[in-house]
Amino acid sequence: MPVTDKDMLKKSAFSVLAFLLLIFCIGNLVLGITWIGRSYPGFFFYGNMVVTDITPGVENGEQLTRFKDRVTEADGVRINSPDELLSITDALPVGTDVEYTIERNGSGFKVGIPVQTFTARDFIQMFGVIFLMGAVFFVIGAIVLRTKPNARESRAFFLFCAAICVWFTGSFDAQASHVMEQLIFFAWVFSPVAGIHLMFIFPSDTRIKASAQNIISLVFLFISAMLFILQFIFFHSYDVWKYINTATWIYVVLSTAIFPASSLMTYLHPASALAKQRAQIILLGCIFGLLIPALAATGITVFNINLPYNLMALPVVIFPLSIAYAIVKHKLFDIDVILEKALTYGLLTGAVVAMSALTIFAFNVVFARYGGWRNPAFFVVLSAFLVIALNPLKNRIQDFVDLTFFRKKYDYKRAVEEVSYAMTSLLSLDKIVDKIISIIESTMFASPVLVYIYNQDTGAYEAYVKDGSDVPAGAAGPIGEDGALVRELNQQKKELFREDIISDDRYKHDSEELLDEFDRFTASLFVPVFFKRQLIGFIVLGDKKSRLSYTSRDVNLLRVLANQSAIAIENALAFKLVEDYAKKLERTNVELKDMQTQLVHAEKMSAIGQLAAGVAHEIRNPLNIIEGARYYLSTYMVNEENSETVGEYLDYIKQEIDRTNRLIDSLLKFSKAEPPYFEKVDINSILENVVILVRKQLSDSDVKLSTKLDPGIPLIMADPNQLWQVFINIILNAIQAMPKGGCLAIETSLGYSDSGPAPARNVCISFEDTGVGIAKDDISRIFDPFFTKKDMGTGLGLSIAYKIIEKHSGRIIVSSEKDKGTIFTIELPANNLNIKVGEANG
């Protein structure tokens with residue numbers, strides 16, 4: 001959400017206003033300091049000569065009444081302005097009695113008050129507190145505006161604080177110098193308008209329609225404007241002005257009461273848990289910082305109680321502090337803990353005091369003759385009560401407060417123990433998720449509750465829900481790891497509340513997308529689950545069914561649950577991986593057995609093919625001779641006797657010869673080897689696949705395999721299926737050559753051949769075993785068909801391998817030593833990429 005030019009303009013305007021207020025505060029402070037040491041009448045007054053504040057302890061000062069008395073004469077001289085009165089007192093020595101004529105309710109009387117020196121003590125005592133409160137309002141409003149400059153509630157709160165600041169800090173000027181008197185009256189009269197504007201925005205957007213809000217605002221604006229205009233017009237008409245002044249005070253006090261009333265309505269019917277908590281805090285601030293001082297000030301005015309007005313301003317600071325806290329500190333779950341503790345220990349203190357009082361009364365009645373409560377037995381009984389009953393009483397009161405005021409009751413310590421035990425004893429991911437959701441539902445009564453866990457295969461976070469859970473439509477879909485929600489959880493590494501997105505400027509760039517995620521899940525917060533600083537999942541929680549906010553105790557429990565769950569989830573995923581791998585190995589074992597059967601079958605069929613080719617060749621020659629003889633016989637015996645019978649037998653011979661020829665053609669076609677199908681292949685990859693297939697045989701034969709595959713060898717043109725067949729044959733022969741176990745080393749490298757006109761690069765594959773070895777006399781015969789020393793062999797495996805490598809323009813080199821082992825080295829040309837795909841070599 002980028003900052004617009006309009007936002008920048010508003011920010012600049014409020015910055016200018018804040019600067020002007022600072023100058024105003026400093027100017028009024030300097031004005032008060034310049035008055036120190038000056039002579040004055042001993043009381044202060046407005047520009048219309050109405051008495052305001054009276055110096056405490058001044059002689060005959062108690063005869064004056066603030067806001068009701070008006071000075072008309074001083075020592076018989078008619079007074080029409082503050083300057084005229086001050087000129088008289090300035091000319092007289094301090095302590096000189098001045099006789100003032102005072103007008104009150106249409107009648108007059110005279111009172112003598114000595115000229116006083118205005119001291120720093122007088123300034124602090126009469127104006128210091130109210131000036132300080134005005135400055136505090138300004139500082140609090142400026143801090144909130146600086147912290148959240150783009151928030152509507154921040155700007156509205158600053159305007160309200162500005163009005164109070166001008167009213168309070170300008171109090172001295174309005175009663176002493178009268179330079180900006182009307183500006184101060186303006187701030188006083190229009191402060192309810194600023195308060196109403198703030199009420200519509202905070203603690204939550206009111207449910208009153210915009211049209212109704214405008215009407216209400218216009219009404220208050222009209223009343224404020226009329227009161228200001230009337231007091232300005234009739235400022236010097238005392239008989240009218242005093243009623244306008246009283247009406248203004250009543251208006252300000254009633255307007256002050258509207259804000260706590262609105263907060264009370266928000267508290268009783270909150271739009272959200274945050275609004276309820278904000279209203280709760282503001283209500284406390286209104287009661288202790290606004291309503292009580294306002295009622296006290298009204299009482300002082302109405303009942304003419306002789307108390308300094310500025311003392312009434314002292315607790316007012318609680319009110320702006322409560323609003324500022326609610327605006328800036330949007331996570332307010334600690335306030336519930338504070339209130340809960342305050343109520344618990346307050347009731348506990350009351351109960352202890354009541355019990356102590358009852359015990360004192362009982363001792364005074366029963367043991368009156370023995371000194372009553374002063375008897376040492378009293379202190380023994382009271383101490384025993386405190387030792388035995390105090391903690392159980394505290395627990396009972398805690399339960400009562402929880403159930404009565406906070407609608408919750410769960411044992412935090414027990415919940416943590418349950419989490420720890422469950423997360424260390426479960427290995428099923430589904431059961432872990434069910435337990436997480438069950439613990440949250442049973443302790444916090446949140447709905448809905450979902451758990452998202454990262455799936456490495458899909459690269460997304462997938463939802464896990466408890467059976468029968470009421471999940472919002474579309475909430476159970478996967479969430480990508482590049483989304484705003486996952487990005488913020490990874491970056492902040494802590495729980496994410498809806499209020500964070502609304503109130504915290506750190507999230508303003510992704511606020512729309514994040515709020516969409518909150519709306520999609522109807523969620524109040526997301527709790528991340530980290531394992532070794534990696535976000536492996538997160539927990540989604542909706543609102544509590546009680547509509548209460550999450551407390552700091554709830555958040556602490558969720559953090560413990562997330563930390564314990566992270567370990568449990570990783571263990572479950574690892575267990576599942578091992579379980580899947582075991583199943584895969586089992587399937588591979590079955591496949592290997594099938595492959596072994598196929599290999600044996602293929603070897604036998606190869607032998608049959610070789611045999612069929614030889615037999616077909618030997619049979620076809622005699623058949624050709626028989627066919628030639630039959631043909632000549634049929635030619636010479638055309639006119640002979642019994643030629644018909646002989647011809648019939650000759651036809652039989654012809655049919656059998658043709659059938660035998662067809663059978664021979666089929667055998668030859670079967671025995672004919674297929675040419676290689678060339679394509680780009682990675683020798684290392686083929687070997688890795690072959691090794692996977694023979695791991696069972698290696699394990700069963702107690703053969704330890706080591707591989708050293710050079711990653712730098714190039715791709716070559718070859719038939720991968722035929723090379724696979726060659727490698728399988730050689731490895732199986734090596735395994736069979738080590739009946740008591742041994743070692744098999746497979747290595748690939750890039751070599752050079754010296755044969756030919758120029759050295760050529762070769763890919764070399766070597767298979768070195770520690771088996772029984774091959775006799776020197778047999779090395780030259782091992783590639784011959786049907787040559788074998790094995791009881792179950794056909795003698796065709798190496799012969800087939802030799803022919804395949806030969807068709808790849810390569811060679812097989814064998815070196816062996818009896819009873820020590822054998823090395824098979826295959827060399828394949830590395831510069832054959834010019835061969836087209838599928839083209840047979842040669």
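This text follows the structure it describes.
Residues numbered from 1 in each chain as written. Predicted model: local features only at pLDDT ≥ 70, side-chain atom pairs only at ≥ 80, totals over all residues. Heavy atoms only, no water.

Novice: In this structure, what is going on with the environment of Gly 771? I would like to understand it.
Specialist: Inspection of the secondary structure assignment puts Gly 771 in the loop between β19 (760-769) and α23 (776-779). In this structure, the C-alpha to C-alpha distance between Gly 771 and Gly 742, residues 29 residues apart in sequence, is 6.8 Å. Contact partners of Gly 771, with chain neighbours within four places excluded, come to Ala 737, Met 738, Asp 819, Lys 820 and Gly 821. (Helix = DSSP H or I, 4+ residues; strand = E, 2+ residues; numbered from the N terminus. Contact = heavy atoms within 4.5 Å.)

Novice: Could you clarify how one ought to interpret unusual backbone geometry in this entry?
Specialist: Leaving glycine aside, a negative phi is the common case for residues, and trans is the common case for peptide bonds. The peptide bond linking Ser 447 to Pro 448 adopts the cis configuration, its omega dihedral lying at -5°. Tracing the chain through its elements places Pro 448 in the loop between α15 (429-444) and β9 (449-455). Residues other than glycine seldom take positive phi values, yet Asn 105 does so here, at roughly 50°. Take Asn 105: it is sitting in the loop between β6 (97-104) and β7 (107-114). You can call Asn 105 exposed: its relative accessible area is 53%. Residues other than glycine seldom take positive phi values, yet Thr 522 does so here, at roughly 50°. Mapped onto the secondary structure, Thr 522 falls in the loop between α18 (511-521) and β13 (523-531). (Buried < 20%, exposed > 50% of the residue type's maximum accessible area, 1.4 Å probe, protein only.)

Novice: Explanation requested: the pairing of β7 in the structure shown.
Specialist: In regular strands, side chains alternate between the two faces of the sheet. Pairing of β6 with β7 involves eight bridges; the strand directions are antiparallel. Paired with Arg 104 across the strands is Ser 107, a residue of β7. Counted between consecutive antiparallel strands, the loop separating β6 from β7 contains two residues, among which Asn 105 sits at a positive phi close to 50°. (Pairing = 2+ DSSP bridges.)

Novice: I would appreciate a short explanation of the sheet that holds strand β10 (residues 460-464) in the present structure.
Specialist: Consider a sheet: its strands pair through backbone hydrogen bonds, and that pairing is either parallel or antiparallel. With antiparallel pairing, the six strands of this open sheet are ordered in space as β11-β10-β9-β14-β13-β12. Each end of this open sheet is capped by a strand with a single partner; those strands are β11 (479-480) and β12 (496-497). Here β13 pairs with strand β14 (residues 534-542) via eight bridges, running antiparallel. Following the sheet pairing, Val 527 is matched in β14 by Ile 539. In the packing of helix α16 (residues 484-492) onto the sheet, contacts are made with β10, β11, β12, β13 and β14, and the angle to β14 comes to roughly 110°. (Axes fitted to C-alpha atoms, helices over the stretch in contact; angles between N-to-C directions.)

Novice: In this structure, what is going on with the side chain of Thr 248? I would like to understand it.
Specialist: By secondary structure assignment, the location of Thr 248 is in helix α8 (residues 238-268). When sequence neighbours within four positions are dropped, the list of residues in contact with Thr 248 reads Trp 188, Val 189 and Leu 227.

Novice: Any chance you could explain helix α21 (residues 683-700) here in plain terms?
Specialist: Along an α-helix, residues three or four positions apart point the same way, because every turn accommodates 3.6 residues. With 18 residues, α21 extends 26 Å between its outermost C-alpha atoms, agreeing within 8% with the 26 Å of an ideal straight helix rising 1.5 Å per residue. Among the residues of α21, Ile 683, Asn 684, Ile 686, Leu 687, Val 690, Val 691, Leu 693, Val 694, Gln 697 and Leu 698 are the ones counted as buried. The N-cap of α21, judged by a side-chain oxygen 3.1 Å from the amide nitrogen of Asn 684 a few residues on, is Asp 682. Directly beyond the C-terminal end of α21, a positive phi value near 60° is found at Asp 702. (Expected span 1.5 Å × (residues − 1). Polar contact = N/O pair within 3.5 Å; in protein donor to acceptor, adjacent residues only side chain to side chain.)

Novice: Before we go on, may I ask you to explain the pairing of strand β3 (residues 51-54) in this structure?
Specialist: As paired strands, strand β2 (residues 43-45) and β3 are joined by two bridges and run antiparallel to one another. Looking at β3, one finds that Phe 43 is bridged to Ile 54. As consecutive antiparallel partners, β2 and β3 are separated by five residues, and within that stretch Met 49 has a phi angle of approximately 70°, a positive value.

Novice: Sorry if this is basic, but what is going on with the nonpolar core here?
Specialist: For soluble globular proteins, nonpolar side chains are generally found buried alongside one another. Counting residues in each nonpolar core, the largest one holds 61 residues, and the members touching the most others are Phe 157, Trp 167, Phe 168, Phe 259 and Ile 323. Among the elements of the structure, α1 (5-35), α3 (120-147), α4 (152-169), α6 (181-201), α7 (210-233), α8, α9 (273-303) and α11 (318-328) are those that each provide at least two residues to this core. The element that contributes the greatest number of residues to this core is α6, accounting for 13 residues. By size, the runner-up hydrophobic cluster in this structure holds 42 residues, among which are Val 690, Ile 716, Ile 728 and Ala 734. (Core = buried A, V, L, I, M, F, W, Y, C linked by side-chain atoms within 4.5 Å.)

Any link to function would need more than the numbers given here.
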